[in-house]
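# Analysis of the macromolecular model
Okay, here's what each chain looks like letter by letter:
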Amino acid sequence: MSDDRRRPGQHESRRDEVLRRWVADEVHPFSEPVRVELERTGLGRRGVRGAGDLARLPVTDLVDLGDGRRFVLEPTAGRIQEAAGTGLRLRLLAADVLGRREGFARHEVDLPFKPVRWTVERHAAGPLFVAATHTDLDRLTTLGRRALAVSGITLADRLVCTGTGIGPLQLELGARDAGVAHLVVESPFAAAILADAAPTVVAGPPTTLARLVDAGLPASVRLLVAHVGAAGGEDLPGLRRRAGCPVRLWWAPPGVRAAWATCEADQLHTWPEHEHLEVVDDDGRPAESGRLVWSAVGWRGSVWLRVALGPQGTLDRSACACGRTTPRVRGAARARRPREPATGSRR
C-alpha cells in the first residue's frame, strides 16, 4: 500500500512509534535547547509517547529560533555515554574496549549525524539555516519522489527546474531517484533554454514562472510547479489564469523540512509520518482555524518542536478526492509581521 493511501489512523500510529524512540534516543540526548524544554515541562526523556504529548511544550515563534544553528543535533561522546539509546552506547563501549573509537566516530556519528547540506530559508525575521544529514537527504529524496507522484509528474516527463531552498532541492532529489529526466538551471534564465530543452514540466518560483509564461511557453509544457516559501500562495491565481496549463504548488514555509505538494484536486498534501502539524489560536490552544504549528519527526540535522510557521490555515484529515489519505493544509494565509525576539529568547 502506498504511504499516501493508508487507512485512517495508520499514519498517526507510525508517526507516534517513530516519535517516541526518536525523542528518547536522539533529540533529548543530543539537542541542548530542546532538552531544556522537555525537562522544564516535565516530559523529560521518555515522556513523549505520542504527538499529543508535544502539546505540553510551548509554541515557539520562528524569530526565537534565531538563525537556527543552535538546534542541530550534536552527539558528543559524553552525551552518548550518558544518555543515548542502548544500542549506540553499547557500540561506543565496544569501540573503546577494542581501541576503535575513530572508526566508531566515522560510522556511528559522522555518517548519520554530521550535516552535509545546508539550506538558507528566508523569512521576514531573517535567515534560517537548516542542516541536513546524509540520512535526511535520503528521506528528502523519498518525499521528493512522493511529491512528484502527488503532483502527477511521471517517468515520461522532461523537467526543467530552477530555484533555491528546500522545495527545489526536494524536487531535484526526487526526480533523480524516480528516473525523471531533468535539467537544473540558475535563475533567471533565458526563455530560449525552454525551447531547446522542450520540457513537459517547468518548476520554479512564481515570479520566474510568470516571466516565462509572459514570454511564451513551448507547446511541450503541460504542467508548471510553483515553489513557494515564506510568501504563501497568494500570487498564484494570476499565474494560473495566464499559464494555459495546470499549476501545482510545492509549499515549504520556513521551518518545515520538506515541501508540501498539491494534487490534481488542488489539495496541499503533507507528510504525517515525518512531521506533526497542529492548528492553534493566538494563545496556543487547539483551534479549527489558526496558526500552523510544525514539529519534526525522525529528522536529524536541524530539529525543532512546536514552531509556529507564521501562516494561518486549517488542517483537513478527511480522504482527498485524489484518493490519498494524508492531511491537507487548507486556506493558508500570509504570515503576520513577525514580532521582535523576546529578551532571553533562544537566539
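Here is a short report on the structure shown in this document. Keep in mind it's a predicted model, so treat the numbers as computed, not measured.

What counts as what
Residues numbered from 1 in each chain as written. Predicted model: local features only at pLDDT ≥ 70, side-chain atom pairs only at ≥ 80, totals over all residues. Heavy atoms only, no water. Helix = DSSP H or I, 4+ residues; strand = E, 2+ residues; numbered from the N terminus. Rg over C-alpha atoms; globule rule 2.2 N^0.38 Å. Buried < 20%, exposed > 50% of the residue type's maximum accessible area, 1.4 Å probe, protein only. Contact = heavy atoms within 4.5 Å. Areas by Shrake-Rupley, 256 points an atom, 1.4 Å probe, with all protein chains shown as cover. Lys, Arg positive; Asp, Glu negative; His and termini not counted. Charge placed at Lys NZ, Arg CZ, Asp CG, Glu CD. Phe/Tyr/Trp six-rings, centres within 6.5 Å; stacked < 30°, edge-to-face > 60°. Lys NZ or Arg CZ within 6 Å of the ring centre and 35° of its normal. Axes fitted to C-alpha atoms, helices over the stretch in contact; angles between N-to-C directions. Parallel < 35°, antiparallel > 145°, perpendicular 65-115°, else oblique. Nonpolar A, V, L, I, M, F, W, Y, C, P; charged D, E, K, R; others polar. Left-handed = near helix turned anticlockwise from the far one by under 90°. Pairing = 2+ DSSP bridges. Salt bridge = Lys/Arg side-chain N within 4 Å of Asp/Glu carboxyl O. Right-handed = clockwise from strand over helix to strand, strands pointing away.

With that out of the way, let us pick up the overall build of the chain. Broken down by element type, the chain carries 10 helices and 14 strands. Taken against the 2.2 N^0.38 rule, which gives 20 Å for 347 residues, the C-alpha radius of gyration of the chain at 21 Å falls within 12% of a compact globule. Expressed as lengths along the three principal axes of its C-alpha atoms, the size of the chain is roughly 65 × 50 × 40 Å. Buried residues in the chain amount to 52% of all 347 residues. Contacts spanning at least 24 positions in sequence make up 59% of the contacts within the chain whose residues lie at least 6 apart. Within the structure as shown, the chain displays about 15400 Å² of accessible surface, and the carbon and sulfur contribution to it stands at 51%. The positive charge centre, built from 50 side chains, and the negative charge centre, built from 42, are 1 Å apart in the chain.

So, on to the packing of aromatic side chains. How two aromatic rings sit relative to each other is set out by the distance from centre to centre and by the angle between their planes. All chains considered together, the criterion is met by 3 aromatic pairs. Ring centres of Phe30 and Phe113 lie 5.5 Å apart, and the angle between their planes is 80°; on these two criteria the pair is classed as edge-to-face. Highlighted residues: Phe30 in helix H1 (residues 10-30) and Phe113 in helix H5 (residues 101-113), separated in sequence by 83 residues. Overall, Phe113 belongs to the buried group, its relative accessible area being 6%. Directly above the ring of Phe129 sits Arg69, whose terminal nitrogen or CZ lies 4.4 Å from the centroid. Between Arg300 and the ring centre of Phe113, over which it is positioned, the NZ or CZ distance is 4.5 Å.

All right, on to the environment of Gly290 then. Tracing the backbone through its elements, the reader meets Gly290 in strand S12 (residues 290-296). Under the relative-accessibility criterion, Gly290 is labelled buried at 7%. Excluding residues that lie within four positions of it along the chain, Gly290 makes contacts with Val279, Val280, Pro311, Gln312 and Gly313.

All right, on to helix H9 (residues 206-215) then. Along H9, the positions that sit buried rather than exposed are Pro206, Thr208, Leu209, Ala210, Leu212 and Val213. The inward-facing, buried residues of H9 contact helix H8 (192-197), strand S6 (201-204), strand S7 (223-228) and helix H10 (236-243). With its phi angle positive at about 105°, Gly216 sits one or two positions after the end of H9.

Attention now moves to the packing of helix H6 (residues 134-150) against helix H7 (residues 166-178). Their axes nearest at 7 Å, the elements H6 and H7 cross at an angle of 80°. With respect to each other, H6 and H7 are oriented roughly perpendicular. Touching Leu137, Leu140, Thr141, Leu143, Gly144, Arg145, Ala147 and Leu148 of H6 are Ile166, Leu169, Gln170, Leu171, Leu173, Gly174, Ala175, Asp177 and Ala178, all from H7. Grouping the amino acids of the contact of H6 with H7 by side-chain chemistry returns 11 nonpolar, 4 polar and 2 charged.

So, on to the packing of H9 against H10. The contact between H9 and H10 brings their axes to 10 Å, and the two run at 25°. As the angle between them shows, H9 and H10 are arranged roughly parallel. Seen from above, H9 lies across H10 with left-handed handedness. Along the contact surface, H9 presents Pro206, Leu209, Ala210, Val213 and Asp214, while H10 presents Leu236, Leu239, Arg242 and Ala243. Residues belonging to the contact of H9 with H10 are distributed by class as follows: 7 nonpolar, no polar and 2 charged.

This paragraph deals with the pairing of S6. Taking every second residue as pointing to the same face, both faces of S6 are buried, with Val201 and Ala203 on one and Val202 and Gly204 on the other. Two strands pair when backbone bridges link them, and strand S4 (residues 158-161) and S6 are joined in this way by 3 bridges, in the parallel orientation. Pairing of Leu159 across the sheet is with Val201, part of S6. Pairing analysis gives 4 bridges linking S6 to S7, with the strands arranged parallel. Considered in S7, the bridge of Val201 is made with Leu223.

Right, let's get into the pattern of salt bridges. This model, assessed by the stated rule, comprises 24 salt bridges. Put simply, Arg14 and Glu273 hold a salt bridge, and the shortest N to O gap is 3.3 Å. Here Arg14, found in helix H1, pairs with Glu273, found in the loop between strand S10 (268-269) and strand S11 (275-280); they are 259 residues apart in sequence, far enough to count as distant. When the shortest N-O distance is used, the salt bridge between Arg306 and Glu278 registers 2.9 Å. Remark: Glu278 occurs in strand S11 and Arg306 occurs in the loop between S12 and strand S13 (307-316); sequence separation between them is 28 residues. You'll find Arg306 and Glu278 in the same group, each marked buried. In this structure, a network of salt bridges that share partners links the residues Arg6, Arg14 and Glu273.

Further remarks concern the environment of Ala219. With respect to the helices and strands, the residue Ala219 is situated in the loop between H9 and S7. A relative accessible area of 85% places Ala219 in the exposed class. Separated by 19 residues in sequence, Ala219 and Thr200 place their C-alpha atoms 8.6 Å apart.

Take the pairing of strand S5 (residues 181-184) next. Sheet topology places S4 next to S5; 4 bridges connect them, and they run parallel. Note on S5: the bridge partner recorded for Arg158 is Ala181. Following the chain from S4 across H7 to the adjacent parallel S5, one finds a crossover that is right-handed.

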